[in-house]
Amino acid sequence: MAIERFSSETVFDPRGWGIPLNCLLRRVYLLLTVLFLGCCSRADAVSWFAFGPDGGSARTIAADPRDGRHLYLGAANGWIFQSQDGGKSWRRLSQVANRDDLVIDNMLVDPSNPRRLVVGAWVISDLSHPDGGLYISEDGGATWTSDADMQGQSIRALATAPSDPKIFVAGSIAGVFRSKDSGVHWERISPKENAELHEIESLAVDPTDPNVIYAGTWHLPWKTTDGGATWKNIKQGIIEDSDVFSILVDPKQPNVVYASACSGIYKSENGAEKFAKVQGIPSAARRTLVLMQDPTQLDTVFAGTTEGLYRTSDAGKTWTITTAPDVIVNDVYIDPANSKHVLLATDRRGVLVSDDGGSSFVPSNAGFSARQITAFAQDAKRSSVVYVGMVNDKDSGGVFVSITGGLSWAHLSDGLEGNDVNSLAQAPDGTMLAGTGHGIFLLKGAAWHRAGDAAKAPAGPAAASIPAKGVKRSAAKTPAPATKLRRGKGQRVSGVHAAAKGPAVKKLDGAVYGFALAGNTVYAATSQGLLRSVNSGVAWSEVTALPAQDWQFVAAAKDVIAVASVNANQTSSLEVSADGGAKWSAAKLPEKSTQVLALAVDGQGGLWVGDRDAVYLSTDGGASWKTVTSLAVRGVSNLYYDAEGNRILVAARAPAKKAFAVDVPSLRVTTWDTGWNLRFVRPVGSYLLGATLFDGIVVQPRMVDSAELAKH
């Protein structure tokens, strides 16, 4: 039974905000219920569903040799995706070795057995301790086993011999390896003692002679003509300090060899004895990560660079850029049955597809999500309207909004200047606030404006506060802006310091880690200290009662506000106000805790702290603490007070792939096996939504009884 996918390529349209969470959403959840009630006896035995936002970083594309529309996609989070329609839509297939730190840069489909897949992976780590491996699937990518010969190898390149499909070649940080039995067994064919022949980034095998192998390293290319017995450095004509990212051998004229490097593209017409630099690609796009030849028109070559895709139709004499220059191209796939159909695997933008031979591209990410979600906010009046913020995706990331409770997403990032979004919140007047790596932004209409520039923004309500149809908006009074005062220290009396009115912040360009609301005041934990706004984020002032240091955490409930920081020596400090910010006092942290990783305040004034080893609770303002013994977690990543459920939602690194809720009055713990490693968990109506580490948003299947099913 198929579930309809929702796309995040939607253009943001504020007119659609009047649509409530309707029967379509209910039916989707009921469908999920029907699917899983029949196979699972407990709700916590069900893995949560991934629902985007679509896009993110795609690393490599491989095709079934017998069906060019059956594609596999490798991501930087260990996931393999599959498409049966030439890349129009994708679905998650499996996570290799159940690891989210594997970068899948290389994948082969066995030419003699399309059900057999070979993946080369590496881990971003210290080069003195490289990690990764070579993994094999015998069932079309459903399950994977690690190859013992290549265990722990940081695999950066894979290739097959066109004249002998049983010969596979792999390149790792350590050197070049070869298999003569389709990847079952491997042997090293590059000499260990060679001081240069390692850090292999690219490989190619001669189309007629499997003993002729080209290897590109982080410092120039090499060639063997005897299966690795001897190697020759083939650097003539190439700038000396060049990482060789890709090597291409013409299938009809093996003496024609292309090599791409950080210094540009090179071409040889004598079997790599001598290279000449290809002209026509600007120096800004010299880092060419991949070269790919049109299998039906060999004079057409694509060059995927860190600044766009270039194409030549005359074997490299002239080049034309065919994408925006800010597109980073990791891989190129050309359909052998229809060379007009071209796919790109890109950083941040996911998959781009062309049906005109690469002249133009559009996103094609339905079902593919590799987003790093770091922030969440929900409309106070309509629980189905939610926002998420993300990091590492620049203009392709920022903020996405959903009016369907997280099932479909629209991009909403105009004006964010490509900044990472660390935090989101809704101000008292309904305005959405985004805390970024470089300041605070306010959402006005369908665009963001820097705090301080909001007065210049076009008139109109914040998108989050657009009322439903038939609802008349009442005029909201805006409090007066913060008074500009000379900075002074708060007065301390018996360890308590009064909150002096701080000076207005003229330029806010620091990192903003979190927001909290206390009445009509918004607090922001930033690298410039704790800030507050009394006019819904338009203007901000410093809270001078507290030290002007990095405050990474802020939480509030009713009149209790808490802030915490992690200092340079990895120790933490905690400050608490019990009267809405009028006075602050230093609070002791739990005796066994030295580094705060998460902070929350519950509706009864309880302080909650999560660290590397446990979750702690104080009901007396930090004077004493107790461990929540029924909650055995390590590496707490987030604590959140759900006021409606009167519970603390917990996400942690261990035990893996679980989410927790602690009932505040009884401290009773509820556990969900989500199937994902989560950054945080939030309630949306009657279900939960989680942010994964690298895979976007996942949604809890909603379980309903038979009586409710009968209504629909």
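Visitor: Would you mind going over the overall build of the protein with me for this structure?
Guide: For the protein, the helix and strand inventory stands at two helices and 61 strands. Looking at the 712 residues of the protein, the share that counts as buried comes to 56%. Taking the contacts inside the protein whose residues are at least 6 apart along the sequence as the reference set, 47% of them involve residues at least 24 apart. Carbon and sulfur atoms provide 51% of the accessible area of the protein, an area that totals close to 29400 Å².

Visitor: Explain the pattern of salt bridges to me, please; I cannot follow it from the model alone.
Guide: Close approach of charged atoms lets side chains of opposite charge pair. Scanning the model with the defined rule gives 19 salt bridges in all. For D101, the salt bridge is made with R99, and the minimal N-O distance between the two is 3.0 Å. The class of D101 is partly exposed, set by a relative accessible area of 31%. What makes R99 partly exposed here is its relative accessible area of 22%. With a closest N to O distance of 2.9 Å, D131 and R99 form a salt bridge. A residue pair is termed long-range when its members are at least 10 positions apart, and D131 in the loop between β8 (117-122) and β9 (132-137) and R99 in the loop between β6 (91-95) and β7 (103-109) qualify at 32 residues. Each of R59, D105 and D347 takes part in one network of salt bridges that share partners.

Visitor: Help me understand the sheet that holds β8 in this model?
Guide: Across the sheet, four strands lie side by side as β7-β8-β9-β10; this open sheet has antiparallel pairing. The sheet is open, and its two edges are formed by β7 and β10 (145-146), each paired on a single side.

Visitor: Would you take a moment to explain the confidence of the model for the protein for this structure?
Guide: In this model, the protein carries a mean pLDDT of 86, and residues with pLDDT of at least 70 account for 84%. The model gives residues 454-494 a pLDDT under 50, and that stretch makes 70 contacts with residues more than four places away or in other chains. Scored below 50 in pLDDT, residues 703-712 shows 15 contacts in the model against residues more than four places distant or in partner chains.

Visitor: I tried to follow the environment of K267 on my own but got confused; where do I start?
Guide: Along the chain, K267 turns up in strand β21 (residues 264-268). K267 gets classed as buried once you look at its relative accessible area, which sits at 16%. Here the alpha-carbon distance between K267 and V257, two residues 10 residues apart in the chain, equals 5.8 Å. K267 has contacts with V256, V257, Y258, K274, F275, A276, V278 and A315, leaving out every residue within four places of it along the chain. A distance of 2.9 Å separates a polar atom in the side chain of K267 from the backbone oxygen of A315.

Parameters and conventions
Along each chain, numbering runs from 1 in the same order as the chain's sequence is written. In keeping with the model being predicted, local features are shown solely for residues with a pLDDT of at least 70 and side-chain atom pairs are shown and tallied solely at 80 or more, while totals for entire chains, interfaces and linings include all residues. Calculated side-chain values reflect all of the structure's heavy atoms, with hydrogen atoms and water omitted. Secondary structure elements follow DSSP: runs of H or I of four or more residues count as helices, runs of E of two or more count as strands, with numbering from the N terminus. Relative accessible area decides the class of each residue, using a 1.4 Å probe on protein chains only: under 20% of the type maximum gives buried, over 50% gives exposed, and in between gives partly exposed. Whether two residues touch is decided by their heavy atoms; if any such pair falls within 4.5 Å, the residues are in contact. The Shrake-Rupley method, run with a 1.4 Å probe sphere, supplies the accessible areas, and residue values consider only the shown protein chains as cover. Within this document, salt bridges are pairs made up of a side-chain nitrogen of Lys or Arg and a carboxyl oxygen of Asp or Glu, the two lying within 4 Å of each other. Each pair of strands is called paired provided DSSP finds at least two bridges between the two strands. pLDDT is a residue-level measure of predictor confidence that goes from 0 to 100. The term polar contact refers here to a pair of N or O atoms within 3.5 Å; inside protein, the definition further demands a hydrogen-donor-capable atom paired with an acceptor-capable atom, and it admits residues adjacent in sequence only when both atoms are side-chain atoms.

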